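# A closer look at the structure
Residues per chain are reported as follows:
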Amino acid sequence: MSEANFLRSLMEMDCDAISVNQVKTVRGFLKNLNTTFEEMQGISRAGSGMLKFVEAVMGYCDVAREIKPKREKVARLERNYFQSKRELERIQNELATIQRELKALGEKYEAAIREKQQLQEEAEIMERRLIAADKLISGLGSENIRWTNDLEELKQRRVRLLGDCLICAGFLSYEGAFNWDFRSEMVYLEWQQDVLNRGIPLSQPFRVESLLTDEVEISRWGSEGLPPDDLSVQNGILTTRASRFPLCIDPQQQALNWIKKKEEKNNLKVSSFNDPDFLKQLEMAIKYGFPFLFQDVDEYIDPVIDNVLEKNIKGAQGRQIILLGDKEVDYDPNFKLYLNTKLANPKYSPSVFGKAMVINYTVTLKGLEDQLLSVIVGFERKELEEQRERLIQETSENKKLLKDLEDSLLRELATSTGNMLDNVELVHTLEETKTKATEVSEKLKLAGKTAVDIDKLRDGYRPAAKRGAILFFVLAEMALVNTMYQYSLASYLEVFDFSLRKSLPDSILQKRLRNIMDTLTYNVYNYGCTGLFEKHKLLFSFNMTIKIEQAEFRAPQNELDFFLKGNLSLEKSKRKKPCSWLPDQGWEDIIRLAELFPQECGTLPDDVEKHDAEWKSWYDLDSPEQAAFPMKYKDNLTSFQKLLLLRCFRIDRVYRAVTDYVTLTMGEKYVQPPVISFEAIFDQSTPNSPIVFILSPGSDPASDLMKLAERTGFGGSRLKFLAMGQGQEKVALQLLETAVSRGQWLMLQNCHLLVKWLKDLEKSLERVSKPHPDFRLWLTTDPTKDFPIGILQKSLKVVTEPPNGLKLNMRATYFKIPYDMLEGCPHPAFRSLVYVLAFFHAVVQERRKYGKIGWNVPYDFNESDFQVCMEILNTYLTKAFNQADSKIPWGSLKYLIGEVMYGGRAIDSFDRRILMVYMDEYLGDFIFDTFQPFHFFQNDEVDYRIPKDGPKDDYVEEIESLPLANTPEVFGLHPNAEIGYYTQAARDMWKHLIELQPQTGETGGGISRDEYISQVAKDIQNKLPKVFDLDLIRKKLGLEISPTTVVLLQEVERFNKLIVRMGRSLAELQRALAGEVGMSSELDEVARALFNGQIPVIWRKLAPDTLKSLGNWMLHFKKRFDQYSTWIDEGEPTVMWLSGLHIPESYLTALVQATCRKNGWPLDRSTLYTQVTKYHTAEEVTERSGQGCFVSGLYLEGADWSTEKSCLIRSKPKVLVVELPILKVIPIESHRLKLQNTLRTPVYTTSMRRNAMGVGLVFDSDLSTTKHISHWVLQGVCLSLNLD
């Protein structure tokens, strides 16, 4: 320790070199030392330090022993580490080199792959394009041909559009109002020919439809309810394409239903001019662009809508406005206006045709036939009709699909950008189009083939459809005879359906068709007859027969024309009439018949002349129509041609012959109208259609209806009555409302008194959607022309007439007399007098059927007259019985019954005279005379007498024993009255049938209607004389003018007016026919009259009354001119032809005046009387009468005149009218006139006698008679100035 370097040696000591043994040794020392560190401290600090050091080294040695191997290991490992690190760096360098190589290769690979991908894609595109190109080429290849052709076609069409558009524009502008035939003629003949002649290019074959619409649209219209026939399609085009708003003439309501269905989804507003708020509704529609329909438009169109019709739209600040009334309304361009009228032939002014597009929707025969065919096939072969409708639907859908596909293809082609081959959509569309197109064209081909098959099968049923169409037109035409005869297509279809159900089925088609046609024809006959007056029923059957015959090409039109019109020639034939028994007009007709039908009747005039006796004996037969015709004519004429022959000889038998013709052609049941039974009417009725009773004088359905109500459980409070009249409108509507909801019956009587209000009733009925099933509406009305067509068309029409014939009339009267009423009066004469009264009641009603020879005015004698008179009898006889007066007060009874009750209705003094004669003939003590029993009438076959007094049954038994038909002699008329009746009936029938003839087309001579009218007009024009120069005549007559000269001047002035009027209208008519001026309704009437051989109305107004045909009237006109000329040139005629004067009364008055001046008599106490002279012609009279004048041209009706005895005698059979010898008219002072054994005979202008206004009576003449005047009064004796 003392060493100087000891500390250092300690410090530098290698502790690691200390061995284990050394350590052990040191440890031993330390153990031995056995001291602690503190103890050492105390001994020596250096020692303690040393100890510390040694212990530390020991501690280190302990640790070092453990650490050493570890250190060695670390060193070893470190060595390994460095070795490995070097190795790693070498390997890493190698790897980096390899990676660099790999990257280069990878890039190369990627480039190759990319190239491959690109090539693959290109290959795919090429392949796809190749397929697309293939598809496009193959797909559009077929289209290419079509499109090339189409393009070529379009290029040509573009040229041809000029002509097409020209005609279509004409069609849209002018054609609407015309019917199908006229349109076809105008468009396809006149215009097309004209356009081609002028070298204007035009499509061939040209069709309006192909340019203005297409199949798809047409079939859509069909599904909306527009009939499929050509006319309806044209009307559809006119309605939708025309620039003006449509006004549809639509009597069958087909347009109305179509428009309602078509515009339903567009919020259609429906109104009429009668609605109080139609302007408000119209304003809304214009503002919001809704369609608007005016229904039930009549001939008056409210001018408030003129601006709308004319489309007077004003633009102001970007808005369109229109003036409606005084109000400006915003105009929406989507607004559409429709007007619809039910009138079949409305007369609109030219301005209406200018403002609106008038379209004629009246159904045509062909169109209706097609519609009915669908109905029949739908009933008979339901599956066939369904298949057809499905086909039409599919075809239309397929065509639409084809069109859409083609459009989308063209759209894709047109809008395709970039490479077309890459447009997948286009190719897809093309593919789809192609497959669909192939499929569709296959379907269309199949459909076409199926359609042909179906049409073939359907055409098998066409005869029945044709018959149905003909029958509807026969029904519809009856409206021209009487406006009350209105029938709608809808109600006709119900009859049609009913007939299909009721007709017998049959497996053989021909027999089945026969059954359908027979059942249908008879049902339509019955349906029609229910609503027709008795006098029109034969007309209806005959018209039906003729139309059916004409459809089978029998009864040609020229034969029918002759039958209806006879000889219309204005010239009389050169050949003189060979026999006196033949009527003049008959001979003219024979000549015309021979000219018209040389094959059958060429030798007729010679035959009549050579075999006078044979023809005369046939002519004199009572029923020549049922006997064999003379000579060859019994075998070589058809049943219709026999009617033509009969017309020439016996007009009075034509009516019966027509009955026979209908019986022969159609069967007896067509001349036996059904008996009206109220039960049947009730069975046919429905809550939705009113029953309209059309009344005739003397009928009263109310009591029958009450009985029906009792029988069906509607009596008492369930049947409501209301007699219409002023102030009843509201009550009626309230009753209607109640009846509809509670299921009552409502009867509105005498609706004709409130015609204007019926429009409101029609509206109320339309609003009733679900009436109570028991509800019925019964209306009674007189025939009136303003009755709303709507009600008539949908109603069940029933004509009620008093029973026909004396027996049935009395039976009906007695049926209504209660048993206790007859027993109620104690007077023994009461029951007999009631019988007399019933007989009288029947007689005055039955006289009516004989026309003017019966009564001048047809009176409405009815049940109430009889009931009141029975009360009068009861009162007076009871009084006489109670006072024990054996005398019956005949005077009072005659006065009250004849003058007051029945006479109160008679406004004509000569009719009242007839009633009083009946009173004298039927009432008086003589009816109870036992020595000379009383007969109303008695001959070999029948005895009309008063039965013995007894209960009601005795009287009824007596009535039942009477014959059904009675001779006119029972009423005191001559048997000839029957001839007059039948002649008039035939004339009336001809008159109506002429109105029913088509007013177009050919006349018998093969010239057109217009040419024929033009010829007649020229002919009459050439016959017109110059007008008289009045100034010249006045000069010639000087200053001294007698009363008769004044008459001449007035007459000539009137005649001049007529000549001027005739001349002007004929000249204008010819210009109108040539198209130089418009055809007014007045000229149209003139043309129609000339065509039918009648006198135009505008001439009639300026001429004396006449019933003559145009030809006879022209002769009369010429005779009048001659008389005036003679009077002017030679002075007053010796014999005045009164018929030639316009106002004959004025001449007779002048005559009295002149005589009064001459004799100084007071005018008010002077009168005329007449004497029949022995002169037969004017030539026999050589000098003029000292007082008064001679008059010629009077015809006696109802009696004959004996020149030998100078008195009235009974008419010869078949001679209705005879010419009276010259009559002398003598003025006389009234107080000096004392006439005995003369009949006051009225002188009338024509055989129509006097009307209810008193027009027609000229003066009264006095005719000598050896018989009691009652004989002639009841025979209806009169004089007339003109023959018919």
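The preceding data block contains the structure.
Below is a short write-up of the structure. (Residues numbered from 1 in each chain as written. Predicted model: local features only at pLDDT ≥ 70, side-chain atom pairs only at ≥ 80, totals over all residues. Heavy atoms only, no water.)

What follows covers the sheet that holds strand β24 (residues 1238-1244). Within the open sheet, the five strands sit side by side as β22-β19-β26-β24-β25. Their pairing is mixed. Of all the strands in the sheet, the pair left with one neighbour each is β22 (1217-1219) and β25 (1257-1264). Put simply, the sheet's adjacent strands are angled 30° from each other on average, direction ignored. Note that β24 and β25 share seven bridges and pair antiparallel. Bridging from a neighbouring strand, Val 1243 pairs with Phe 1259 of β25. Against the sheet, helix α37 (residues 909-922) touches β24 and β25, its axis set at about 145° to β24. (Pairing = 2+ DSSP bridges. Helix = DSSP H or I, 4+ residues; strand = E, 2+ residues; numbered from the N terminus. Axes fitted to C-alpha atoms, helices over the stretch in contact; angles between N-to-C directions. Contact = heavy atoms within 4.5 Å.)

According to the stated counting rule, one finds 71 aromatic pairs in the structure shown. Between Tyr 859 and Phe 861, the ring centres sit 5.7 Å apart and the planes meet at 50°, which makes this aromatic pair tilted. Of the two residues examined, Tyr 859 and Phe 861, each falls in the buried class. Both rings, one in Phe 1028 and one in Tyr 1124, keep their centres 6.5 Å apart while their planes meet at 90°; by these two values the pair is edge-to-face. In this pair, Phe 1028 sits in the loop between α40 (1009-1023) and α41 (1030-1037) while Tyr 1124 sits in helix α45 (residues 1110-1130), placing the two residues 96 residues apart along the sequence. (Phe/Tyr/Trp six-rings, centres within 6.5 Å; stacked < 30°, edge-to-face > 60°. Buried < 20%, exposed > 50% of the residue type's maximum accessible area, 1.4 Å probe, protein only.)

Time to look at the sheet that holds strand β18 (residues 1189-1192). Remark on secondary structure: sheet strands pair via backbone hydrogen bonds, oriented parallel or antiparallel. If you walk across this open sheet you meet the four strands as β16-β18-β23-β17, and the pairing is mixed. Strand pairing shows two members of the sheet lacking a second neighbour, β16 (1135-1137) and β17 (1166-1172), which therefore form its edges. Across the sheet, the mean angle separating the axes of adjacent strands is 35° when strand polarity is ignored. The pairing of β17 with strand β23 (residues 1223-1229) spans seven bridges and is antiparallel. Looking at the pairing, Val 1172 lines up with Leu 1223 of β23. Running at roughly 50° to β23, helix α46 (residues 1144-1159) makes contact with β16, β17, β18 and β23 of the sheet.

What follows concerns empty space enclosed by the protein. Across all of its chains, the model carries five cavities of 30 Å³ or more by this definition. Size it by volume and the largest cavity reaches roughly 110 Å³. Taken together, 16 residues form the lining of the largest cavity, with Phe 910, Ile 914, Arg 1249, Gly 1276 and Val 1277 sitting closest to its centre. Those elements that place two or more of their residues in the lining of the largest cavity are α37, β24 and α47 (1269-1274). Per element, the largest residue contribution to the lining of the largest cavity is four residues, and it comes from α37. Residue classes in the lining of the largest cavity are distributed as nine nonpolar, three polar and four charged. Empty space within the second largest cavity amounts to approximately 50 Å³. Along its surface, the second largest cavity is lined by Leu 833, Val 836, Leu 837, Phe 840, Leu 873, Ile 897, Met 919 and Leu 923. (1 Å grid on protein atoms, 1.4 Å probe; cavity = no way out; pocket = protein on both sides within 12 Å on 5 of 7 lines; lining within 4 Å. Points joined across faces, edges and corners; volume = space filled by probe spheres on them. Nonpolar A, V, L, I, M, F, W, Y, C, P; charged D, E, K, R; others polar.)

It is worth spelling out unusual backbone geometry at this point. For the bond from Gln 204 to Pro 205, the omega torsion is -10°, close enough to zero to count as cis. Its location among the elements puts Pro 205 in the loop between α5 (180-197) and α6 (208-212). Despite not being glycine, Ala 555 has its phi angle at roughly 50°, a positive value. The topology assignment puts Ala 555 in the loop between α19 (534-551) and α20 (557-565).

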